[in-house]
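If you want the building blocks of each chain, they are given just below.
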Amino acid sequence: MANSLPQNPRILIVGGVAGGMSAATRLRRLLEHAEITVIERSGHVSFANCGLPYHVGGVIEDRESLLLNTSESLGARFGLKVLTRHEAIKIDRENKQLVVRDLAQDEVVALDYDVLILSPGARPVVPPIPGIERALTLRDIEDTDKMIAAVANAKTAVVIGGGFIGIELAENLRHRDLAVTVVEAAPQVMTPLDAEMIAPVQDVLREHGVDLRLGTSVASIESDQVTLADGSTIPADIVVAAIGVRPDVSLAVSAGLELGPNGGIAINENLATSDESIYAVGDAVEKSDPAGASRLVPLAGPANRQGRLVADVIAGRKISERPVQGTAILGVFGLQVATTGSNERTLRAAGVPMRIIHTHPANHAGYYPGAEQLSLKLIVDPATDEILGAQAVGAEGADKRIDVIATAMRGGLKASELVDLDLAYAPQFGSAKDPVNMLGYLDSNLTEGLVETIQWHELDDSRPIVDVRTPAENARDSIPGAINVELDGLREHLDQIPAGAVVYCQVGLRGYLAARLLSQHGIKVVNLDGGMRTWRAGQSSKAAPALVG
Ligand SMILES: Cc1cc2nc3c(=O)[nH]c(=O)nc-3n(C[C@H](O)[C@H](O)[C@H](O)COP(=O)(O)OP(=O)(O)OC[C@H]3O[C@@H](n4cnc5c(N)ncnc54)[C@H](O)[C@@H]3O)c2cc1C
C-alpha cells in the first residue's frame, strides 16, 4: 500500500461523480478493509453529467435514468459512506483533517484522513457582464431542474458560448421549440476544430433555426433581452452561460497545494499533489499532452481513467499515467463532429511545422444506399511522420475514424502506417480502402514525393490555377482566375498547363491524378489539398485571416 498506510486506511474523497466515484469503487475492489467516505456538495452522486443537456431537451425523458447510483446503492454494494449535500470547506494538512459542512443541517465537522483524493471538477466560467446573475449554467442535476423549469415558460433563449456544452444546449433548446441564438466571441463555433472544418457544423445549426452571432460578445443582460457589443439586442427569456469551465481549485488553493501553469492542481506521475497524502484527479488537475505540455482537458474519459489509476496508486499498484490526447465528439442535429490531438491553429501559433491532409470520402461504399460524405483532416509532423491530430465531420462514421486514429496515436503509429490498418469492411460499413487507410496513402504519397500539395489558405494569385473538373462543375462554382482543363482531356492539352500551376478538383483526388500525369510529362504542379470543398469551406469561415496570420 502507498506510503505505508495503516491496514484499514481512512480515505476521504471530495467529489462524487466521474473521477471521485471511479476512485471510490475501484478502491473498494482493491482495499476491502479501507474506510472510504465520499463528500459531495450537490444532492446526488454518480450522475450522468454528459446526459444533462439531453434531459433539458426532452431527448432523455426519464430524470431517474441520469442517476446511475444512489448513496444507498453505493453503500450496499461497495460499503462506501456517501455524504451528499456536504461541502468540504478546508483541508487541515498538519492534522490530516478535512473540514466539512453539512449543508442540510448547517453543521461543521472535521473528518480524519490517511489519504485525501480531490475530484472537485470544474466550474462554469461566469464572465463579469452586467446582469449575468440571470444567466443559467449547467453542471449538475439541480442546475438541470432549474433550467427545465425556466424553459417551460420561455420562448427565446440566448446561449453565450459556442463550445461543446453551448452547442449541445442550443440543439436541445430547439427541441423545446425555443428561438435560440448562440453568441460566440471567436469567429467560429467549436474552436477545437479548425476554421475550414467547421462550415458544415455552422450550416446545420442555421438550417435548424439557430441564429449564430459570431465574433461578437454580450455586453449586458437585461430582464428580457441581451445587448451585444455592437449595441444590437436579442430577445432572451432565458440566458445560458456556456463560455467554458475553470478547474475548481478553491479547496486546493486555500490548503496551499501547488497549481500548474494553467491554474489546475499540479500533480505528479502518481497523481499526487504537492502534499504526498493528497491526490487529485479529473477536471481540476493539469494533464500532460503527447508533446509533454501541461493542459486542462475537462473530459469524462480522462477523469474516469485517473479515478481508477489513483485507486491503484493508493493500493500500492504500479501505474503508467499516459498523456491525454483530448479525444472528443459532439453530436449536433445528426452531424458528428470529432477531434483528437492538436489542431492546426494551436500548432501554428506555437510555430510547430506540420503536414496537413484533407480528404472527403464517403463513410461507406458509395454504391451502397445511404452513403454520407465525411470531411477528414490529419495533421502530421513532417520530420517524423508522427500524427499530431485529426478532425472528422460527417453524418456518420466520423466517430469511428477519430477513434481509430486516436488509437493509432496512442500506439505510436506513424501517419503512413495508417495504410496497414486491417479494418472491418463490408459495403454498408466502410470501404475496402477505409477513409483512415486513405489518409495513410495520401501521407505516403507526400512523404515519397509523388505529389506536392498546397493548403486552402496558402492559395493566392501568384500562381496560375487550373480546375481539372468538368466544365459543368466549373460553371457551378470555381476559384476566381482559374482556367478549366478537364482531367479526361488533359493529355491533349498539356501545352495549356503552365509549370508551377495549382491544380484542383472537387475533393483532391482528380487533382492528384492530374498532378501525377503532368509530372510524368515534365510539368510540375501542386495539388490543392482537399480540393474545392475544403477551399470553399475555408472561404466561408471568418476565422481564415486568424489562421493565415
Ligand atoms: C453538461 C455537461 C456535459 C458534458 N458532456 C461531456 C461529454 O459528452 N463528453 C465528455 O467527455 N465530457 C463531458 N462533460 C465533462 C465531464 O462531465 C467532466 O469532464 C467529468 O465529469 C469530470 O469529472 P470530475 O470528477 O473531475 O468532476 P465532476 O464529475 O464534475 O464531479 C465533481 C463533483 O465534485 C463536487 N464538489 C466540488 N467541490 C466540492 C467540495 N468542496 N465539497 C464537496 N463536493 C464538491 C461537485 O459538486 C461535483 O459534483 C460534460 C460536462 C457537463 C457539465
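See the structure printed just above.
Remember, predicted model here, so these are calculated numbers, not experimental data. (Residues numbered from 1 in each chain as written. Predicted model: local features only at pLDDT ≥ 70, side-chain atom pairs only at ≥ 80, totals over all residues. Heavy atoms only, no water.)

Quick word on the environment of R348
Line of reasoning, step 1. By the element assignment, R348 lies in helix α9 (residues 344–349).
Line of reasoning, step 2. At 2.6 Å, the side chain of R348 forms a polar contact with the side chain of E344. (Helix = DSSP H or I, 4+ residues; strand = E, 2+ residues; numbered from the N terminus. Polar contact = N/O pair within 3.5 Å; in protein donor to acceptor, adjacent residues only side chain to side chain.)

What to know about the site of the ligand
Line of reasoning, step 1. The environment of the ligand is formed by 28 residues, the closest being G19, E40, S119, D283 and A300.
Line of reasoning, step 2. Contact between the ligand and R41: a nitrogen atom at 3.0 Å from a main-chain N or O atom of the residue.
Line of reasoning, step 3. The separation between an oxygen atom of the ligand and a polar main-chain atom of P298 is 3.4 Å.
Line of reasoning, step 4. Taking 990 Å² as the accessible area of the ligand by itself, protein coverage stands at 90%.
Line of reasoning, step 5. Breaking the shell around the ligand down by element, the ones donating at least two residues are α1 (18–30), β4 (86–92) and α8 (300–314).
Line of reasoning, step 6. When grouped by side-chain class, the residues that make up the shell around the ligand number 14 nonpolar, eight polar and six charged. (Near = heavy atom within 4 Å. Areas by Shrake-Rupley, 256 points an atom, 1.4 Å probe, with all protein chains shown as cover. Nonpolar A, V, L, I, M, F, W, Y, C, P; charged D, E, K, R; others polar.)

Here we look at the nonpolar core
Soluble globular proteins: nonpolar side chains tend toward being buried together.
Line of reasoning, step 1. Grouped together as the largest cluster of nonpolar side chains are 41 residues, with contacts concentrated most on L173, V189, V201, L205, I238 and V332.
Line of reasoning, step 2. Broken down by element, the residue count for this core peaks at four residues, all from helix α5 (residues 164–175).
Line of reasoning, step 3. Non-local contacts of V189, meaning those with residues more than four positions away in its chain, are made with G162, I167, E184, I198, V201, Q202, L205, L212 and L214. (Core = buried A, V, L, I, M, F, W, Y, C linked by side-chain atoms within 4.5 Å. Buried < 20%, exposed > 50% of the residue type's maximum accessible area, 1.4 Å probe, protein only. Contact = heavy atoms within 4.5 Å.)

Quick look at α1
Line of reasoning, step 1. Between its first and last C-alpha atoms α1 spans 18 Å; for 13 residues at 1.5 Å apiece the expected length is 18 Å, and the two agree.
Line of reasoning, step 2. The buried fraction of α1 amounts to ten of the 13 residues, a majority that puts the element mostly inside the structure.
Line of reasoning, step 3. All of the buried residues along α1 are G19, G20, M21, S22, A23, A24, T25, R26, L27 and R28.
Line of reasoning, step 4. Where α1 is buried, its residues touch β1 (10–14), β2 (35–39), α3 (71–78), β7 (115–118) and α8. (Expected span 1.5 Å × (residues − 1).)

Some remarks on the pairing of strand β11 (residues 211–214)
Line of reasoning, step 1. Covered by surrounding structure in β11 are L212 and L214 only, the residues D211 and R213 on the alternate face being uncovered.
Line of reasoning, step 2. Sheet topology places strand β10 (residues 179–184) next to β11; four bridges connect them, and they run parallel. Residue pairing in the sheet places V182 in a bridge with L212 of β11.
Line of reasoning, step 3. After leaving β10, the chain enters helix α6 (residues 199–207) and then returns to the sheet as β11, a path that is right-handed. (Pairing = 2+ DSSP bridges. Right-handed = clockwise from strand over helix to strand, strands pointing away.)

Describing the packing of aromatic side chains
Line of reasoning, step 1. Applying the stated criterion across every chain, the model contains zero aromatic pairs.
Line of reasoning, step 2. Sitting over the face of the ring of Y441, K433 holds its NZ or CZ atom 5.7 Å from the ring centroid. (Phe/Tyr/Trp six-rings, centres within 6.5 Å; stacked < 30°, edge-to-face > 60°. Lys NZ or Arg CZ within 6 Å of the ring centre and 35° of its normal.)

A closer look at the pattern of salt bridges
Pairing between side chains of opposite charge can happen when the charged atoms of each approach one another.
Line of reasoning, step 1. With the rule as written, the count across this model stands at 26 salt bridges.
Line of reasoning, step 2. Residue R41 pairs with E87 through a salt bridge whose shortest N-O separation is 3.1 Å. Highlighted residues: R41 in the loop between β2 and α2 (52–56) and E87 in strand β4, separated in sequence by 46 residues.
Line of reasoning, step 3. K377 is the partner of E196 in a salt bridge, and the nearest nitrogen-oxygen pair spans 2.7 Å. Taken together, the positions of E196 in the loop between β10 and α6 and K377 in strand β23 (residues 374–380) put the pair 181 residues apart, joining distant regions of the chain. Per residue, the accessibility class of E196 equals that of K377, and both read buried.
Line of reasoning, step 4. The network of salt bridges with shared partners includes D194, E196, E344, R345, R348 and K377. (Salt bridge = Lys/Arg side-chain N within 4 Å of Asp/Glu carboxyl O.)

By themselves these figures say nothing about function.
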